[in-house]
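Each chain, written out:
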Amino acid sequence: MSRASHAELKLEDETFLTDDFLRQLINVGEVDILVGLPTHNNAKTVGSVVDAIRIGILRSFPRERAVIINADGGSRDGTPGLITGMSIYDARPASNLHALRTLHSISTTYSNGTSGGGALRTILAAAELLRAKACIVMSPESAKTQPEWISNLAAPIYREGFDLVAPTYRRHKFDGLLMTNLLYPMIRALYGLRLREPYMPEFGFSSRIGSQFLGGNGWSDRNGTGTELRFTLAAIKGGSRICQAFLGEKDHTERRAADLVPALRQTVGPLFSAMEADFPVWSTVTGSNSIPTIGSDHELMLDPIRVNRKRLREMFATGVAELESVFHLILSSSTLAELQRLARLDDEAFHYPAELWVKTIYEFAAAYQKSVINRDHIVQALAPLFRGRAVTFLIENRSASASEVEVNIEALCVEFERLKPYLMQMWKSRE
Amino acid sequence: MREMIVSELSQALHELARGFAHYLPRLIVMLILAFVGWLIAYAVKVVVRSILRLIKFDKFSENTGASQLLSKAALPTAAEVLSRFVFWVTWLGFILLGVSVLGILGLQEQVGRFFIFLPRLFVAMFILFFGLLAASFFSRAALLAAVNANMRSARIVSMAVRTVIVVFVFSVVFEELGIAEQTMLVAFGIAFGALMLGLAIAFGIGGRNLAQRFLEERFVRGRKEENEDELSPL
């Protein structure tokens with residue numbers, strides 16, 4: 001099929017793309033590498049990110065046809081202009097590199113507000129129209145983005161035939177507690193894959209899984225929350241070839257989902273939601289397997305940081321007391337009684353054990369499946385309990401070395417796997 | 001004289017017999033309607049109860065808080081109450097239909113009024129149910145938001161939201177039923193106004209610092225970063 005006819009065929013399906021954007025895509029033609037950059041008021045950091053992308057492409061893919069697609073959520077600080085205004089020649093003097101092909105930068109505004117779902121959908125549609133062989137999505141917020149990240153994310157797709165490249169980062173041991181205490185261990189227990197960063201600000205993917213996800217149902221239902229995680233879970237469920245690539249230090253200033261409740265909505269909500277449809281997949285999985293990793297699968301920084309544990313514990317205790325009527329609907333009486341006992345403990349004696357935490361999460365997942373109350377309310381109700389678990393994690397690892405922290409995370413993962421029959425029991429029996 | 005008495009008596013007996021003969025078929029029709037109505041009402045009740053169980057209506061009403069209200073009033077489950085209500089309304093409808101067959105003057109007008117009132121009753125029940133559902137939803141949303149914002153009086157906020165919505169719902173229900181419309185309107189106005197005034201005073205005096213902190217965190221750049229001692233969850 002010729003390029004023009006392919007584009008015409010797709011025009012009918014991609015009606016959410018603007019005519020101008022489609023014209024620009026047709027002008028670009030087919031590409032080998034596509035870099036997606038979802039933005040919304042990121043003028044402060046996007047310049048350095050685009051620099052890194054350009055240098056990365058020049059260094060690692062000088063002969064390949066490449067394009068940067070900016071899907072903007074309606075920035076008012078001139079972010080799209082910064083991206084399209086930068087030329088490939090800007091990158092040359094600093095890097096002493098020479099481009100063999102034109103590097104296009106296209107920007108478009110997606111229609112449904114600032115949701116990540118709209119941005120990813122636009123990027124996926126562009127990737128399909130341009131028949132990109134390897135695609136990567138970069139976070140516009142990370143000021144520490146390095147040119148090597150482009151190669152690390154795109155090369156396994158382009159040269160080794162992987163379908164999804166997940167990042168791993170160098171993090172502070174107390175950074176990403178939701179990831180280490182819930183997402184990583186639970187997804188590992190459910191799907192049997194040891195994917196360290198299932199919620200990915202940066203990732204690479206093949207056109208195959210991009211098209212599959214784009215063609216899937218439910219875009220109209222999704223309000224964009226948690227699309228990144230849905231994408232990951234869809235890739236796992238579809239049996240895609242997945243690997244991890246170490247990128248480097250994760251920027252502390254990157255706070256797109258820094259607040260706890262939005263973070264829970266973006267991750268835990270989609271995970272619980274996916275569990276419903278994926279039951280035939282995860283219910284048969286036992287144990288877990290590691291996945292190919294390029295570089296280290298994790299690195300921890302141990303420098304001291306100030307954390308107000310007392311405040312977190314108080315928020316846990318207040319939450320347990322105030323939300324008793326909500327927890328009655330979600331949790332079993334034994335779990336709730338145990339949480340109420342914990343809430344009465346003082347700072348020194350406080351300990352939210354791994355087993356109780358795992359049971360709490362599994363009961364929340366079962367309650368979500370049964371819709372005992374509004375599903376968003378279930379996700380919100382988890383916030384105070386997560387704070388309680390975070391306090392215990394902080395205390396347990398206060399003076400722990402990197403390897404000791406890793407041992408503790410591994411123990412929690414094993415607990416999630418060990419108690420999976422409890423999840424099955426809750427899932428099936430709960431009325 | 002004697003003949004006259006006998007004649008009057010026999011005439012009266014004749015009229016009574018004629019009247020009875022005139023009303024007897026109607027009475028039988030009324031009884032048949034009542035019996036058939038009972039059968040139909042019972043069947044409708046069984047069907048309604050099955051449908052409500054199938055759609056897990058009890059769980060739904062539990063979420064709205066209606067079940068708790070019924071339980072406090074020592075009433076059966078919401079599904080049972082609703083199916084019994086449908087039974088009685090259906091049977092009562094048939095009984096009144098039968099009564100109207102008797103052709104008693106004045107009663108027919110009342111029967112007509114009852115049938116005109118029925119749709120309003122159903123609308124009122126609909127408003128009540130979904131009103132309680134909304135009250136439960138929004139009060140829980142307020143509770144969760146207040147707890148996650150670390151507000152000290154989260155439960156009070158939640159109760160206030162629930163109270164306002166419930167009072168509003170009941171005033172609409174009474175208005176729909178046409179019961180003490182003016183009284184309910186005035187009572188709602190007074191209750192709502194008093195609540196808002198109370199909240200305004202309470203927030204103005206008691207929550208001054210809270211409001212200041214909230215506004216600073218919301219609008220003063222850098223304040224949040226200074227206090228930031230929580231870790232990024234992702």
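Residues numbered from 1 in each chain as written. Chains lettered and ligands numbered in written order. Predicted model: local features only at pLDDT ≥ 70, side-chain atom pairs only at ≥ 80, totals over all residues.

Q: So what exactly am I meant to see when it comes to the overall build of chain B here?
A: Along its length, chain B carries nine helices and zero strands. Sequence-ordered secondary structure for chain B, helices as α and strands as β, is α-α-α-α-α-α-α-α-α. The burial tally for chain B puts 16% of its 234 residues in the buried class. Within chain B, contacts between residues at least 6 apart in sequence are counted, and of these 62% link residues at least 24 apart. (Helix = DSSP H or I, 4+ residues; strand = E, 2+ residues; numbered from the N terminus. Buried ≥ 20, exposed ≤ 12 C-beta atoms within 10 Å, placed from the backbone. Contact = placed C-beta atoms within 7 Å.)

Q: I would appreciate a short explanation of the overall build of chain A in the present structure.
A: For chain A, the helix and strand inventory stands at 19 helices and nine strands. Out of the 431 residues in chain A, the part that is buried amounts to 50%. Considering only contacts in chain A between residues 6 or more positions apart, those separated by 24 or more positions represent 87%.

Q: For this particular structure, what's the right way to read helix 4 (residues 78–102) of chain B?
A: Residue and element names in this part refer to chain B. Under the 1.5 Å per step criterion, the end-to-end length of helix 4 is 36 Å for 25 residues, consistent within 8% with the ideal 36 Å. For helix 4, every residue scored as buried is listed here: A78, A79, S83, F87, F94, L96, G98 and S100. Two residues or fewer past helix 4, G103 is found with a positive phi of approximately 75°. (Expected span 1.5 Å × (residues − 1).)

Q: Sorry, what's going on with the nonpolar core here?
A: Side chains that are nonpolar tend, in soluble globular proteins, to be buried together. Ranked by internal contacts, the top residues of the largest apolar core, which has 136 residues, are I33 and L34 of chain A. For I33 of chain A, the contacting residues outside a window of four places in its chain are I57, F61, E64, A66, A132, A134, A154 and Y158 of chain A. (Core = buried A, V, L, I, M, F, W, Y, C linked by C-beta atoms within 7 Å.)

Q: Could you clarify how one ought to interpret the packing of helix 8 (residues 177–191) of chain A against helix 18 (residues 402–418) of chain A in this entry?
A: Between two packed helices, what matters for the description is the angle formed by their axes and the separation of those axes. All names here are of chain A. Two elements in contact, helix 8 and helix 18, have axes separated by 9 Å at closest approach and are oriented at 45°. For the element pair helix 8 / helix 18, the angle class is oblique. You can see that helix 8 and helix 18 cross each other, and the crossing is right-handed. Every residue of helix 18 that contacts helix 8 at T180, N181, P185, M186, R188 and A189 is listed here: I409, L412, C413, F416 and E417. Looking at the contact of helix 8 with helix 18 residue by residue, the class counts come to seven nonpolar, two polar and two charged. (Axes fitted to C-alpha atoms, helices over the stretch in contact; angles between N-to-C directions. Parallel < 35°, antiparallel > 145°, perpendicular 65-115°, else oblique. Left-handed = near helix turned anticlockwise from the far one by under 90°. Nonpolar A, V, L, I, M, F, W, Y, C, P; charged D, E, K, R; others polar.)

Q: Even after reading the chapter, I still don't get the interface of chain A and chain B, so can you show me in this structure?
A: By a frequent convention, interface size equals the accessible area lost on bringing the separate parts together. Tallying the contact residues gives 30 residues for chain A and 16 residues for chain B. Looking at the side of chain A that touches chain B, the elements that each hand over two or more residues are helix 8, helix 11 (260–277), helix 13 (309–322) and helix 17 (375–396) of chain A. It is helix 17 of chain A that provides the largest number of residues to the side of chain A that touches chain B, a total of five residues. Of the residues in the side of chain A that touches chain B, the class split is 18 nonpolar, eight polar and four charged.

Q: I would appreciate a short explanation of the environment of I33 of chain A in the present structure.
A: Positionally, I33 of chain A belongs in strand 1 (residues 33–39). Take I33 of chain A: there are 25 C-beta atoms within 10 Å of it, and that puts it in the buried class.

Q: Would you mind going over helix 1 (residues 2–54) of chain B with me for this structure?
A: Because an α-helix completes one turn every 3.6 residues, residues spaced three or four positions apart along the sequence face the same direction. Residue and element names in this part refer to chain B. In this model, helix 1 (53 residues) spans 75 Å end to end at C-alpha, consistent with the 78 Å of a helix rising 1.5 Å per residue. Maximum bend of helix 1: about 30°, positioned at Y23, with proline P25 one to four residues after it. The element helix 1 is largely exposed, with a buried count of four among its 53 residues. K56 lies just past helix 1 and shows a positive phi near 55°. (Bend = angle between axes of the 7 residues up to and from the residue.)

Q: Looking at this structure, how should I read unusual backbone geometry?
A: Comment: phi is negative for the bulk of residues other than glycine, and the bulk of peptide bonds are trans. Residues and elements named next belong to chain A. Positive phi values are uncommon outside glycine, yet R131 reaches one of about 55°. Residue position: R131 is located in the loop between helix 6 (116–129) and strand 4 (134–137). The class of R131 is partly exposed, set by 17 C-beta atoms lying within 10 Å.

Q: Honestly, the pairing of strand 1 of chain A in this entry has me stumped. Any pointers?
A: Looking along a regular strand, one sees side chains alternate from face to face of the sheet. Residue and element names in this part refer to chain A. Burial analysis of strand 1 places seven of its seven residues in the buried class, the great majority of the element. Of the two faces of strand 1, both are covered, the one formed by I33, V35, L37 and T39 as well as the one formed by L34, G36 and P38. Between the parallel elements strand 1 and strand 2 (residues 66–72), the chain passes through helix 3 (residues 43–60) in a crossover that is right-handed. As defined by bridge partners, strand 1 adjoins strand 4 across four bridges and the pair is classed as parallel. Residue pairing across strands places G36 opposite V137, the latter belonging to strand 4. (Right-handed = clockwise from strand over helix to strand, strands pointing away. Pairing = 2+ DSSP bridges.)

Q: Looking at this structure, I do not really get the environment of I373 of chain A. What am I missing?
A: For I373 of chain A, the position within the fold is in the loop between helix 16 (354–370) and helix 17. Here I373 of chain A falls in the buried class, since 20 other C-beta atoms lie within 10 Å of it.

Q: Looking at this structure, how should I read the confidence of the model for chain B?
A: One rule of thumb: low pLDDT means the predicted coordinates there are not for detailed reading. Residue and element names in this part refer to chain B. Across chain B, the average pLDDT comes to 81, with 87% of residues at 70 or higher. Across chain B, the secondary-structure element scoring lowest on mean pLDDT is helix 9 (residues 223–227), at 45, and the one scoring highest is helix 1, at 89. Confidence drops under pLDDT 50 across residues 222–229; counting only partners more than four residues distant or on other chains, this segment forms six contacts. As scored by the predictor, the complex reaches a pTM of 0.80 and an ipTM of 0.83. (pLDDT = per-residue confidence, 0-100.)

Q: Just to check I follow, could you spell out the confidence of the model for chain A for this structure?
A: Residues of chain A with pLDDT of at least 70 account for 88%, and the chain-wide mean is 86. In this model residues 1–9 of chain A is a low-confidence stretch, pLDDT under 50, and it forms five contacts with partners more than four residues away in sequence or in other chains.

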